[in-house]
Amino acid sequence: MTKEVLHKRTTASAGEAAASPAGKFDQLFVNLGPQHPSTHGVLRVGLTLEGEVITKAEPDIGYLHRGTMKLAEARSWHQCVVLTDRWDYVSAMPNNLALCLAAEKLLAVQAPDRAQSLRVIMCELNRIASHLLFLGTYGIDLGAFTPFLHAFREREMILDLYEMLCGARLTYNYIRIGGVMSDISPEWAAKAREFLTFFKPRLQEYDDLLSFNPIFLARTEEVGVIPQALAVAWGLSGPNLRGSGAAYDVRKSDPYCGYEKFDFEVPLGKTGSCWDRYYCRCLEMRQSVRIVEQALDGLPSGDLLAKGVAKNVKPPPGEAYAHVEASRGDLGIYVVSDGGPAPYRMHVRAPSFVNLAILQEILVGRKIADVVAILGSIDIVLGETDR
Amino acid sequence: MALIDHLARIGRDAWAVGKGLRVTLVSLFRPSITIQYPREKLAPEPMFRGVLLYDVERCTACGLCVKACPSACIALAPQVNEAGKRVPKAAWYAIDLGRCNWCRLCEESCPFKPKVVWHSVDYELVFFSRSEMVRCWKPGFPLLGKVHDPDKDEFRDPAEQIVIQEVPARHDEKGPRWD
Amino acid sequence: MTPDILPPEPKVLYPKPVYSKDAGLLLSSRVWPTERWTARWSQPEYRKAAVQLAAILGGILVCGALIGELAKWGDLLYKMLLAAAAYTHQQLLARGIPSGLLGDPARVLAALNLTAEILWVSLKILIVVGIINLNGLWAVWWERKLSAHMQSRLGPMEAGRFHGWAQTALDSIKLLLKEDATPADADRAVHLLAPAVVIVPAILAFAPVLFGKELAAAKLDVGALYILSVSGVSVIGIIMAGWASSNKFSLLGGLRAAAQVVSYEIPRIFAVVPVLMFAGSLDLAAIDAAQQGYWLGFLPRWFVFWLPAGPIAFLLFLIASLAETNRVPFDIPEAESELVAGFMTEYSGMKWALFFLAEYAYVLLACFMMAVFFLGGGAAPLPLLSFIPSWIWMLAKAMAMMFVFMWLRWTLPRFRVDQLMDFNWKFMLPWSFVVVALAGATLAWL
């Protein structure tokens, strides 16, 4: 099925190219980025236009490349966690978690129950924070400025919670190999509950302000449609895939950190349009609130760090792959250990990198005015794309 | 029929826009939540990872923080006595704040309580040159360290710094505040 | 993770953190909206802000009153100027006119009257230009504050101490002092001329605008037509700016603006037609006069209440005015996420400020037009309140409409350019025809 889709796609685009009257219109090359206001970082998209219609789109990445995967080979395992913070810098907790899960697989240790629950709480809060940033910037891309600051108001509260918890607001280094860094206090739990009760009515406000605004709907419905088969063929994950209706969520299909104990749903879109991807994230925030509430209610007591994780861990030789449902999709980390103090090899399957690739497929044939709407709806973070 | 549909659509859209307008109008009369930054400043939480401080008097130059640092921004040298043997005292200690990751691994690796190297809650850091990013400590230097001025070849206080706090936090009368 | 080596008791006892006082007031705890938004009236800041808001609103009304008072003196000044002309003529006659200069004494009187007239007109032009400039300062500040509070921010707070009231004035000084950069490839003459072509029609269009009952710079029989036609000239300046900048984004922005403004002009003018039919005149003063009085003694006879055509025409005019002034949701020409800053991308300093000034002048113009055409001009909403002079009502209505403009701007996202055109040709235009028909039916029924 996948091959059929790919085949159709290539033949269709070749047919279109043949049908377009060459030389009738001038081909115009427009550089979107790397300093364009709505490329969300340093992304360059080379657009070839015929009139206002895009005939070719080439995402050009690498402006933020820092060689993290190579740097990891010269760092101890604990130090590698610091590197993961810098990939998807708007939601760093799942990055920490992915590496720690991989390392724990190698070490054959399991984080204590309390640490597992804390990990779930932090990752879900980070998912809310990340989706809020998406919601705000997507509003800005489409000309609505107010949702941006409303979303940041709430995001700021989550960052305050993180600051209380681990001292950092963006690059947390909170989840450690074998557990977590620090425990939550009763005041923290009270604050977190205060935030959740405050946040639920705000979700309705975002819907009123942006989600169901007729202009917003007109700009995002039926725009940037990714059919389910195409999304699967391009390896999309996260809300981009679920917006197309494919029910794939690592939290459900390959549960980690005790996600199987929580009662939550995986929201799905219908058509795979920009609006479906957008609203999928809005619904995910509601589910994240549910998960955090459940986790706070049933927080087990116990240790924070597993026994037997030394300061300079030396996992036995071997390899491990762990993946988590990060805010942007399926974040996988593959590590190889040669028994030394540093990973022999670390490879990252970054969701933003994979999701970005479909841009060259869905931009073709659209008007240039839709580029911003489509690019924004993919919700990439260039730190993760380039690594 | 089509006309009724058309009118119904107009009504729906107007209602949706009206709901959005209601949200902005309600927000207009809500108190603002921002602060006037240079005039008003937020006190960070006690856990906050701010500028690194270092107590040269208590340090034994064990070098655990040097090993723990993921970006190799800490350097130190132990004192040596007349016989050429190292003594548990630091001769000098330097942190390159330009390379610091603010990851707290150095503080966690420190075996002392209270820690010898720790994050204060100071979040205002301003540098005017690359050499100012390197904080140096020698016996007798303050907790905040000094900056080496390459032109005059002397150590001076990081004076051009905006410092919101004059004394390190995370250590108050109640004792050390971490973990 | 407890360390094996237990250290000795610390000799240094660290005192509590002390924060340097010069560096600003330290807030001991952060305030979450959960605390701020509950029991807001118990917070002294909130009560103070409410009092300040009331004071500002009162201040606007006082300003309106002052304008009206000055207008009375204006008539007197005009009479004095004419009297001075007549007096000079008398004196010249008494002393014997130097023969050969103009010959006929009547021509001398005409020349003197013309001088007085020119003085009077230039005074009025100065006042109108002053209004436009002041409006720029006021509207930008107001928009910034309004948007800030809609977004839980504070907006400008520093310049001028009180809520940053001097912010825009200082900004304009900054803009005057900025480097006037012109791109190397630009068509220099057109690039220079474009802001002037945009701002001059904006000033000219204010000539017949009614600021109160019969309070206008120029009495024109065809005032409504004049405003609508003159304000359309500005689009040429926008195209010039887009073309001369030699920038892809500017050109796209300029062309989009041209398409948009020209298209939306049609429903905008059609939305005024019911008003002209109801009033039976193109004269703004006559339109204002037609809306005086009350049905049943309390319902104002404003055209917006003339069902069913009035409210629909009002909404159409409001939407078309938003599009004409290039404001959200119709700010395609300067869509910053797509076109950087549209036709203004390559402008800086005062040239850029002129575009901005023109935009806000057109907003003010649209607000006054809505006040005159639909909201009863200087008429009070209730008979009890008719003692408040007409210019205050006029100003209040115009400012209320400006609030609506800003409110919409900070709520709605932006149309896509083809949707914008669809909206005009497939929605606005048919409905503007319908509204003319409805107005005709209303008149026939009356």
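Keep in mind that what you see is a predicted model, and the values were worked out from it rather than measured.

1. Regarding the overall build of chain B
1) Next: Helices and strands together make up the secondary structure of chain B, namely three helices and ten strands.
2) Next: Starting at the N terminus and ending at the C terminus, chain B contains elements arranged as α-β-β-α-β-β-α-β-β-β-β-β-β.
3) Next: A separation threshold of at least 6 residues defines the contact pool for chain B, and within that pool the share at least 24 residues apart is 64%.

2. A short note on the packing of helix H5 (residues 113-141) of chain A against helix H12 (residues 274-297) of chain A
Residue and element names in this part refer to chain A.
1) Next: The N-to-C vectors of H5 and H12 enclose an angle of 155°; their axes lie 9 Å apart at closest approach. Taken together, the axis directions place H5 and H12 in an arrangement best described as roughly antiparallel. Two packed elements cross with a definite hand, and for H5 against H12 that hand is left-handed. Listed contacts from H12 to Ser 117, Val 120, Ile 121, Glu 124, Leu 125, Arg 127, Ile 128, His 131, Phe 134, Leu 135 and Tyr 138 of H5 are Tyr 278, Arg 281, Cys 282, Glu 284, Met 285, Ser 288, Ile 291, Val 292, Ala 295 and Leu 296.

3. Details of the sheet that holds strand E7 (residues 329-337) of chain A
Residues and elements named next belong to chain A.
1) Next: Strand order in the open sheet made by the three strands is E6-E7-E8, with antiparallel pairing throughout. The strands lining the two open edges of the sheet, one partner per strand, are strand E6 (318-326) and strand E8 (345-349). With direction set aside, neighbouring strand axes in the sheet form an average angle of 15°.
2) Next: Sheet analysis places E7 next to E8, joined by five bridges and oriented antiparallel. Following the sheet pairing, Gly 332 is matched in E8 by Arg 349.
3) Next: Across the sheet, helix H4 (residues 93-107) touches E6 and E7, and the angle it forms with E6 is around 150°.

4. A short note on the interface of chain A and chain B
1) Next: In this complex, chain A contributes 21 residues to the contact, which on the side of chain B involves 22 residues.
2) Next: Looking at the side of chain A that touches chain B, the elements with two or more residues in it are helix H3 (77-84), helix H6 (146-166) and helix H7 (186-211) of chain A.
3) Next: The residue inventory of the side of chain A that touches chain B, partitioned by class, reads eight nonpolar, eight polar and five charged.

5. A closer look at the pairing of strand E2 (residues 44-50) of chain A
Residue and element names in this part refer to chain A.
1) Next: Both strand E1 (residues 27-32) and E2 contribute to a ladder of six bridges, which runs antiparallel. The partner of Leu 32 across the bridge, within E2, is Val 45.
2) Next: Across seven bridges, the pairing between E2 and strand E3 (residues 53-60) is antiparallel. The partner of Arg 44 across the bridge, within E3, is Asp 60.
3) Next: Hairpin connection from E2 to E3: two residues lie between these consecutive antiparallel strands, with Gly 51 at a positive phi of about 70°.

6. Focus: the confidence of the model for chain B
Residues and elements named next belong to chain B.
1) Next: The pLDDT averaged across chain B works out to 80; a share of 88% of its residues lies at or above 70.
2) Next: Here strand E10 (residues 175-176) is the element of chain B with the lowest mean pLDDT, 44, and helix H1 (residues 2-28) is the one with the highest, 89.
3) Next: Segment residues 172-179: pLDDT under 50, and twelve contacts once partners within four positions in sequence are set aside and those in other chains are kept.
4) Next: Complex prediction metrics read pTM 0.84 and ipTM 0.82.

7. Observations regarding unusual backbone geometry
1) Next: Residues other than glycine seldom take positive phi values, yet Arg 387 of chain A does so here, at roughly 55°.
2) Next: Mapping Arg 387 of chain A onto the fold places it in the segment after helix H16 (382-386).
3) Next: In this structure Arg 387 of chain A comes out as buried when scored by C-beta crowding, with 24 C-beta atoms within 10 Å.
4) Next: Look at Arg 104 of chain B: it is not a glycine, yet its phi comes out positive at around 75°.
5) Next: Classification of Arg 104 of chain B by C-beta neighbours within 10 Å gives buried; the count is 24.

8. Details of the sheet that holds strand E3 (residues 74-80) of chain B
Residues and elements named next belong to chain B.
1) Next: Here we have five strands laid out as an open sheet, ordered E3-E4-E6-E7-E8, and antiparallel in their pairing. If you trace the sheet from one side to the other, it starts and ends with E3 and strand E8 (154-156), each paired once. On average, each strand axis in the sheet is inclined to that of its neighbour by 40°, with strand direction left out of account.
2) Next: Strand direction decides the pairing type here: strand E4 (residues 86-96) and strand E6 (residues 134-137), joined by four bridges, are antiparallel. The partner of Ala 94 across the bridge, within E6, is Cys 136.

9. Points about the nonpolar core
1) Next: Within the largest apolar cluster, 251 residues are counted, with the highest numbers of intra-cluster contacts made by Phe 317, Leu 365, Cys 367, Met 370, Phe 373, Phe 374 and Ala 398 of chain C.
2) Next: Looking at which element gives the most residues to this core, the answer is helix H12 (residues 349-373) of chain C, with 20 residues.

10. Section: H5 of chain A
1) Next: When the terminal C-alpha atoms of H5 of chain A are compared, their 42 Å separation across 29 residues agrees well with the 42 Å that a helix rising 1.5 Å per residue should span.
2) Next: After H5 of chain A finishes, the residue Gly 143 of chain A shows a positive phi value of roughly 95°.

11. Notes on the packing of helix H5 (residues 188-204) of chain C against helix H7 (residues 234-244) of chain C
Residues and elements named next belong to chain C.
1) Next: Close contact between H5 and H7 brings their axes to 7 Å; oriented N to C, the two are set at 160°. As judged from the angle between their axes, H5 and H7 are roughly antiparallel. Along this stretch, H5 crosses H7, giving a crossing that reads as left-handed. Contacts between H5 and H7 involve Val 190, His 191, Leu 193, Ala 194, Pro 195, Val 197, Val 198, Pro 201 and Ala 202 on the former and, on the latter, Ser 234, Ile 236, Gly 237, Ile 238, Met 240, Ala 241, Trp 243 and Ala 244.
2) Next: Here the residues of the contact of H5 with H7 are counted per class, giving 14 nonpolar, three polar and no charged.

12. Re H5 of chain C
All names here are of chain C.
1) Next: Over its 17 residues, H5 extends 25 Å from the first C-alpha to the last, a length consistent with the 24 Å expected when each residue adds 1.5 Å.
2) Next: The axis of H5 is deflected most strongly, by about 25°, at Ala 194, and proline Pro 195 appears within four residues downstream.
3) Next: Along H5, the residues classified as buried are His 191, Ala 194, Pro 195, Val 197, Val 198, Ile 199, Pro 201 and Ala 202.
4) Next: Looking at the buried residues of H5, the elements they touch are helix H3 (105-150), helix H6 (223-231), H7 and H12.

13. Considerations on the environment of Ala 350 of chain A
Residue and element names in this part refer to chain A.
1) Next: Checked against the element boundaries, Ala 350 lands in the loop between E8 and helix H13 (351-357).
2) Next: For Ala 350, a count of 26 C-beta atoms within 10 Å translates into the label buried.
3) Next: Distance in space between the C-alpha atoms of Ala 350 and Val 381 is 10.0 Å, their sequence separation being 31 residues.
4) Next: Residues contacting Ala 350, with those up to four places away along its chain left out, are Trp 87, Leu 331, Glu 384, Thr 385 and Arg 387.

Criteria and cut-off values
Along each chain, residues carry numbers from 1 onward, in the same order as the chain's sequence is written. Written order decides the labels, with chains lettered from A and ligands numbered from 1. Only residues with pLDDT of at least 70 are given local features in this predicted model, and only at 80 or more are side-chain atom pairs given and counted; all residues enter the totals for whole chains, interfaces and linings. Where helices and strands are cited, they refer to DSSP runs of H or I of at least four residues and of E of at least two residues respectively, numbered from the N terminus. Two residues qualify as being in contact provided that their C-beta atoms, derived from the backbone, are within 7 Å of each other. Fitting a line to C-alpha atoms yields each axis, with helices limited to the stretch in contact; the angle taken between N-to-C directions then spans 0 to 180 degrees. Angle categories are assigned with fixed cut-offs, so that under 35 degrees is roughly parallel, over 145 is roughly antiparallel, 65 to 115 is roughly perpendicular, and the rest are oblique. Helix crossings are classified by the rotation of the near helix relative to the far one: an anticlockwise turn of less than a right angle makes the crossing left-handed, while a clockwise turn makes it right-handed. Pairing between strands requires that DSSP locate at least two bridges from one strand to the other. The nonpolar class holds Ala, Val, Leu, Ile, Met, Phe, Trp, Tyr, Cys and Pro. Asp, Glu, Lys and Arg form the charged class, and all remaining residues, Gly among them, are polar. Predictor confidence is given residue by residue as pLDDT, running from a minimum of 0 to a maximum of 100. Buried residues are those with 20 or more other C-beta atoms within 10 Å of their own C-beta, exposed residues have 12 or fewer, and partly exposed residues lie in between; C-beta atoms are placed from the backbone. The term nonpolar core refers to a set of buried Ala, Val, Leu, Ile, Met, Phe, Trp, Tyr and Cys residues connected through C-beta atoms within 7 Å. Each residue after the first adds 1.5 Å to the expected span of a helix. What is called the bend at a residue is the angle between a pair of axes, fitted to the seven residues leading up to and ending at it and to the seven starting from it.

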